[in-house]
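# Examination of the molecular architecture
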Amino acid sequence: MSSWEPLVEQLVRERGPRLTAYAALLVGRDGDADDLVHDALVKVFSKRRRLANVNEAEAYVRSAMPSIVIDRARSAARRRRAVSRAFERAPARADLDAGLDVRRALRELSPREQVCVVLRFFDDLTVPQIAARLGLADGTVKRYLHDATATLAPLLDVTENWDDRPVTADVVAVDERGR
């Protein structure tokens, strides 16, 4: 048995469901999520990294997933463009009658928007952290998040306009005794 195999087995046994749930947020479908976890495991463990424990291994696998999603989308887009040049087809009609959940709504976003939303709202990363992870400018990440929220709001029936809320707080003077 190779030195990394026990760590992979432990990672899959202990953290597999969490990794799959995270992957499902990125790709939207459970079967694709399993494939994404598998591909991320292969990507991480095919390189000779010295991973000290399961926490470090999980972090590497999670960080590999967004780039895999974006790479897959690029490949799929190239294939779709090639097919559309070869064959005419009617545009796909969205199934608006079915109930919308977050995963389904996320699939309506571009891959980069989807990854930015997941990193921001599910991993709780800041804009600079997302930009650093994806190799993008802060402004680019902000644009992806802005466009994504504009797309998601009607799909998730969000009517709150966050831009109308004040960004300042009232300051009340208190004397030295706390009154």
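Residues numbered from 1 in each chain as written. Predicted model: local features only at pLDDT ≥ 70, side-chain atom pairs only at ≥ 80, totals over all residues. Heavy atoms only, no water.

Let's shift gears to unusual backbone geometry. Notably, D124 is not glycine yet its phi reads approximately 60°, a positive angle. Take D124: it is sitting in the loop between α5 (111–122) and α6 (127–134). A residue is classified by how much of its surface remains accessible, and D124, at 60% relative accessible area, is exposed. (Helix = DSSP H or I, 4+ residues; strand = E, 2+ residues; numbered from the N terminus. Buried < 20%, exposed > 50% of the residue type's maximum accessible area, 1.4 Å probe, protein only.)

The next thing to look at is the environment of F122. You can see F122 is positioned in helix α5. On a C-alpha basis, the gap between F122 and L25 in space is 8.7 Å, while along the polypeptide they are 97 residues apart. For F122, the contacting residues outside a window of four places in its chain are L25, V102 and V117. (Contact = heavy atoms within 4.5 Å.)

A low pLDDT score tells you not to read the predicted coordinates there in detail. Per-residue confidence for the protein chain gives a mean pLDDT of 78; residues scoring 70 or more make up 72%. Mean pLDDT across the secondary structure elements of the protein chain bottoms out at helix α3 (residues 54–86), with 79, and peaks at α6, with 94. The model gives residues 89–100 a pLDDT under 50, and that stretch makes 7 contacts with residues more than four places away or in other chains. (pLDDT = per-residue confidence, 0-100.)

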